[in-house]
Amino acid sequence: MGITVAPITENFVAEIGDVDLSGQLAPADLTAVKDAFWKYAVLIFPGQQLSQDQHLQFASQFGPLESGTGIGRGNKPPRLRPELADVSNVDQQGALLERDDRLKKYQLGNRLWHTDASFRPVPALCSLLYAHTVAPIGGHTEFADQRAAYDTLPEEMKERLAGRIAEHSIFTSRAQVGMTEFEEEELKDFPPVPQMVVRTIPENGRKSLYVPSHAGRIFDMPEAEGLALIDQLMEHATQRQFVFTHRWRENDLVMWDNRCTLHRGTGYDDTRWKRIMQRATVLDVANSCEQEGVRVPA
Ligand code: OGA
Ligand code: MN
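Residues numbered from 1 in each chain as written. Chains lettered and ligands numbered in written order. Predicted model: local features only at pLDDT ≥ 70, side-chain atom pairs only at ≥ 80, totals over all residues. Heavy atoms only, no water.

Asker: What is the right way to look at the overall build of the protein in this model?
Answerer: Within the protein, the secondary structure is distributed over nine helices and 15 strands. Relative to its length of 298 residues, the protein is compact, with a C-alpha radius of gyration of 19 Å against a globular reference of 19 Å. Here the C-alpha coordinates of the protein stretch approximately 50 × 45 × 30 Å along the principal axes. Summing over all exposed atoms, the protein offers an accessible surface of approximately 13,400 Å²; the carbon and sulfur share of this is 50%. Treating the 32 positive side-chain charges of the protein as one cloud and the 42 negative ones as another, the clouds have centres 2 Å apart. (Helix = DSSP H or I, 4+ residues; strand = E, 2+ residues; numbered from the N terminus. Rg over C-alpha atoms; globule rule 2.2 N^0.38 Å. Areas by Shrake-Rupley, 256 points an atom, 1.4 Å probe, with all protein chains shown as cover. Lys, Arg positive; Asp, Glu negative; His and termini not counted. Charge placed at Lys NZ, Arg CZ, Asp CG, Glu CD.)

Okay, here's the thing in structure tokens:
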């Protein structure tokens, strides 16, 4: 028997059953997962028992993995292998992090609508987030379909955005949650990068908005006008009809296409509840401007 694809929404989110991600997938099953992924953009795999290695092994079937996010941890020893981002509020011993822990501050940025690693020259193709321990209240993850958001823009807006490039920086989004103190090293490691405002998803030819909270400036546009446009697009792109809220169960693996979705975590009492998640991140093939064949302005 092959995998089961159970749509949750018509074109955006599906649950995948009859599959065990801890072992090698049969080629036909992997193909079926990929077909579903390109159609939907958010896939939920309930009831998976995954070690760090098994999680990474499944993720690596989609492309090269991001390693060592290199920001936010300060000088604490990592809890996980370098290819896994620690999306938890516990330390190495499994105790709740202190209220003012730097990792927690950094993770506050996850509450903003964003897409993973668009502040890197080669951004993330997809992310695979696995839940060990979930908060009993809150701590959901919301996803917004940016293909649907693009499709519903007025024609004149589509024309205004065609070929446009935005500047993305991790510091743009972190400043929005009051995190402004970074080491010299960090500032040097993460210079602003260009990304397309609208990108095309090669597997299905659909166009998608690509304007997360890392975007802070639009090239060849006065700064104020660019900021206003980014605000306007964000408001459009995150309207309720484009948004799905995932309520986590333990052992859910959720994967999303970072090229055509925005996501954000919702709040929870992180001084009371443990929420222990780990994320594998698969790199895209190139910068979005390069993929679109658009020359990056100096
Ligand atoms: C992430 C992320 C949100 C959440 O892992 O990339 O943004 O709900 N997570 O934990
Ligand atoms: Mn994220």
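Asker: Got a minute to help me understand the site of ligand 1 in this structure?
Answerer: Residues in contact with ligand 1, as listed here, are V87, N110, H114, D116, L129, H140, T141, W256, H263, G265, R275 and R279. The contact in question runs from an oxygen atom of ligand 1 to an N or O atom on the side chain of N110, over 3.4 Å. For ligand 1, whose free accessible area comes to 290 Å², the fraction covered by protein is 98%. Counted by class, the shell around ligand 1 contains three nonpolar, six polar and three charged residues. (Near = heavy atom within 4 Å. Polar contact = N/O pair within 3.5 Å; in protein donor to acceptor, adjacent residues only side chain to side chain. Nonpolar A, V, L, I, M, F, W, Y, C, P; charged D, E, K, R; others polar.)

Asker: Even after reading the chapter, I still don't get the packing of aromatic side chains, so can you show me in this structure?
Answerer: The geometry of two aromatic rings is summed up by the distance between their centres and the angle between their planes. Overall, the coordinates contain seven aromatic pairs when judged by the stated rule. Between F58 and F62, the aromatic rings sit 5.5 Å apart at their centres with planes inclined by 80°, giving edge-to-face as the arrangement. A relative accessible area of 2% means that F58 is categorised as buried. With relative accessibility at 9%, the residue F62 sits in the buried group. Members of the aromatic cluster, joined through ring pairs, are F37, W38, F45, F58 and F62. Seen from the ring of F62, K34 lies directly overhead, with NZ or CZ sitting 5.4 Å from the centre. (Phe/Tyr/Trp six-rings, centres within 6.5 Å; stacked < 30°, edge-to-face > 60°. Buried < 20%, exposed > 50% of the residue type's maximum accessible area, 1.4 Å probe, protein only. Lys NZ or Arg CZ within 6 Å of the ring centre and 35° of its normal.)

Asker: Just to check I follow, could you spell out the sheet that holds strand β8 (residues 193–196) for this structure?
Answerer: The strands making up a sheet are joined through hydrogen bonds of the backbone, oriented either antiparallel or parallel. The strand order across the open sheet built from three strands is β8-β7-β11, with neighbouring strands paired in antiparallel fashion. The outermost strands of the open sheet, each flanked by one partner alone, are β8 and β11 (215–218). Taken pair by pair, the neighbouring strands of this sheet meet at an average axis angle of 40°, ignoring direction. Summarising the sheet, strand β7 (residues 165–168) and β11 pair through three bridges and their orientation is antiparallel. By the bridge assignment for β11, H168 is matched with A215. (Pairing = 2+ DSSP bridges. Axes fitted to C-alpha atoms, helices over the stretch in contact; angles between N-to-C directions.)

Asker: Explain the nonpolar core here, please?
Answerer: By size, the foremost hydrophobic cluster in this structure holds 29 residues, and its most contacted members are L43, F45, F58, F62, L128 and M255. Listing elements by their share of this core, those giving two or more residues are β2 (13–17), α1 (27–40), β3 (42–45), α2 (52–59), β5 (124–133), β13 (253–257) and β15 (276–283). Of the residues forming this core, the biggest block, six residues, is contributed by α1. Those residues in contact with F62, other than ones at most four positions away along the chain, are L30, V33, K34, F37, L125, C126, M255 and V282. Core analysis: the second largest hydrophobic core is formed by 19 residues, A149, V198, L209 and M221 among them. (Core = buried A, V, L, I, M, F, W, Y, C linked by side-chain atoms within 4.5 Å. Contact = heavy atoms within 4.5 Å.)

Asker: Can you help me understand the pairing of strand β4 (residues 84–88) in this one?
Answerer: Successive residues of a regular strand alternate their side chains across the two faces of the sheet. Of all the five residues making up β4, five are buried; the element is thus mostly covered by neighbouring parts of the structure. A two-sided burial pattern is seen for β4, the buried positions comprising L84, D86 and S88 on one face and A85 and V87 on the other. As defined by bridge partners, β4 adjoins β15 across five bridges and the pair is classed as antiparallel. Paired with S88 across the strands is I276, a residue of β15.

Asker: Explain the environment of R99 here, please?
Answerer: Tracing the sequence through the fold places R99 in the loop between β4 and α3 (102–108). A relative accessible area of 67% means that R99 is categorised as exposed. Here the alpha-carbon distance between R99 and N89, two residues ten residues apart in the chain, equals 9.7 Å. Excluding residues that lie within four positions of it along the chain, R99 makes contacts with K104 and T271.

Asker: Before we go on, may I ask you to explain the pattern of salt bridges in this structure?
Answerer: Charged atoms that come close allow side chains of opposite charge to pair. As enumerated under the stated definition, the model contains 21 salt bridges in all. When the shortest N-O distance is used, the salt bridge between R79 and D86 registers 2.8 Å. Owing to a relative accessible area of 23%, R79 belongs among the partly exposed residues under this scheme. By relative accessible area, D86 is classed as buried at 13%. The residue R259 makes a salt bridge to E203 at a minimum N-O spacing of 3.0 Å. (Salt bridge = Lys/Arg side-chain N within 4 Å of Asp/Glu carboxyl O.)

Fair warning: the whole summary comes from geometry, so function is off the table for now.
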